[in-house]
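Chain by chain, the residues run as shown.
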Amino acid sequence: MELETSNECMTVEQAKELLRNGINCQIDSNEPGQFKVGDQVRAKVIHVQNYTRLPRYIRGKVGMIVKDYGIYVFPDAVGMRLGTKPQHIYSVRFTAQEIWGSDASAKDALYIDLFDDYLESV
Amino acid sequence: MNGPHDLGGMHNLGAIPIEVNEPVFHSEWEAKVFAMSFATFKNYFPVDETRHACERMPPGQYLSSSYYERWLYALELLLNEHHLVTKEEIEEWLAQFAHSQTSSKAD
Amino acid sequence: MSSHSQHSESDIALRVKAIESLLVEKGIIDPATIDMIIDAYEHRIGPHNGARIVARAWVDPNFKQRLLTDGTSTIAELGLAGFSSEHMIVVENTPEVHNLIVCTLCSCYPWAILGLPPTWYKSFAYRSRAVIDPRGVLREFGLEISNHVEVRVWDSNADLRYLVLPERPLGTETMTEAALTSLVTRNAMIGTAKVQVPTPPELVA
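Notes on the structure follow.

1. Describing the pattern of salt bridges
Tallying each qualifying case throughout the model produces 22 salt bridges over all chains. Two residues, A:Glu120 and A:Arg42, come together in a salt bridge whose shortest N-O distance is 3.9 Å. With A:Glu120 in strand β6 (residues 119-121) and A:Arg42 in strand β2 (residues 40-43), this pair connects stretches of sequence that are 78 residues apart. Overall, A:Glu120 belongs to the partly exposed group, its relative accessible area being 31%. Taking relative accessible area as the criterion, A:Arg42 reaches 29% and is therefore assigned partly exposed. When the shortest N-O distance is used, the salt bridge between C:Glu77 and C:Arg66 registers 2.4 Å. Here the residue C:Glu77 occupies a position in helix α5 (residues 71-77), and C:Arg66 occupies one in helix α4 (residues 61-69), the gap between them amounting to 11 residues. Owing to a relative accessible area of 46%, C:Glu77 belongs among the partly exposed residues under this scheme. Ionic contacts of the salt-bridge type, sharing partners, join the residues A:Arg93, C:Glu150 and C:Arg152 into one network.

Below you can see the structure in the form of structure tokens.
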């Protein structure tokens, strides 16, 4: 993914290409992540003033990493045009009761995709 | 940003508007707002910048606007911030369009 | 209804026309590009794409296995990648697990696979409640999920996009892949419906 924009009128051909191929947000790299599958992690309690993809309801909650998706550009930086800040993103599983308390179903769970920058060790 | 878009867990936002056989767009203007925004993706604005622009709509306005009204807000905001179009230009063109519509009605 | 608007439709329509004409005049957009984009999403890209993926997975166990482990490249085998479906994760409904997809922060959705999202998916009601009360939301869609089944909600907050692989209904063992494709609905691929077998005509009173 490139951060620089051409500021050129999108042609029909460019639009077709964008529809067909989209925008690749993944980075090919072997750089290790801060966490691994099975780790217990806490979503940081942070109140970013600008753009973030870390919703409020998950901040401060503890979950488990179930999958490492690899390295992706960091939307919080991209949305502000501050760079791509590539880092690992993980699928993290939280029990419904961890997020919503004992009134929630003991059976249910929520999965959300969280970047290294959103997480801390427990 | 702790904005109005961060809705997970919020109560009292009503019944889910389930529509049978829903069209892709409900009006021509929705289709145009969508396509104009799409045509700015990548070439003018990273998609995340457009998402963020939607979220910067003041909370009261965000929660009382429809989906494509929010997209329109984001489009106008970014066009203006990146000096592609000024607010004045938009209002000027709008006044001309409104005027031509009124005069054609009068004919 | 596209949800609660505070402005009149005619005011907005006029404003959009004015902006479109201004952007064309300034060379920022090309009308031919605008027409092509609208046509693509109105006529070419839609849930029929996702239905092909699901039906193939139902008839081809090898494809299904690859689909669940590497959604992106397996979907690409059918020529079905594209904008807002670049990084695909497919989650399987089973007798033990029911999956539900939402985007609480905006309305992220696999456009190339399912088309543009329906109004309900983009609504504040769905975005707010799918995470805190998924079973209540599913009841609103007419789906009662047994307490023995785990409900998994997937908040697609990042650049990965999700598709639910619904359960193949009983009684479809002899159906062809093409016939199966026609059974798969959009809502079943988001997780707010199950795939139903049509009642044979002779059983309809």
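Moving on from the model shown.
2. Points about the environment of C:Ala193
All names here are of chain C. Take Ala193: it is sitting in the segment after α11 (186-190). For Ala193, a relative accessible area of 17% translates into the label buried. Distance from Ala193 to Arg66, taken between C-alpha atoms, is 24 Å for residues 127 residues apart in sequence. Apart from residues no more than four positions distant in its own chain, Ala193 is found in contact with Leu143, Thr185, Asn187 and Ala188.

3. Considering the nonpolar core
Counting residues in hydrophobic clusters, the biggest one holds 134 residues, and the most contacted among them are B:Phe34, B:Phe38, C:Tyr41, C:Trp111 and C:Tyr126. A per-element tally of this core places helix α4 (residues 67-81) of chain B first, with nine residues. Shared between two domains, this core holds at least three residues of each, these being domain 1 (9-43) and domain 2 (46-199) of chain C. Those residues within four positions of C:Trp111 in sequence are excluded, and the remaining contacts are B:Phe34, B:Phe38, B:Phe41, B:Trp71, C:Tyr41, C:Ile45, C:Phe83, C:Ser84, C:Ser85, C:Leu116 and C:Pro117.

Parameters and conventions
- Residues numbered from 1 in each chain as written.
- Chains lettered and ligands numbered in written order.
- Predicted model: local features only at pLDDT ≥ 70, side-chain atom pairs only at ≥ 80, totals over all residues.
- Heavy atoms only, no water.
- Salt bridge = Lys/Arg side-chain N within 4 Å of Asp/Glu carboxyl O.
- Helix = DSSP H or I, 4+ residues; strand = E, 2+ residues; numbered from the N terminus.
- Buried < 20%, exposed > 50% of the residue type's maximum accessible area, 1.4 Å probe, protein only.
- Contact = heavy atoms within 4.5 Å.
- Core = buried A, V, L, I, M, F, W, Y, C linked by side-chain atoms within 4.5 Å.
- Domains from an automatic or database assignment.

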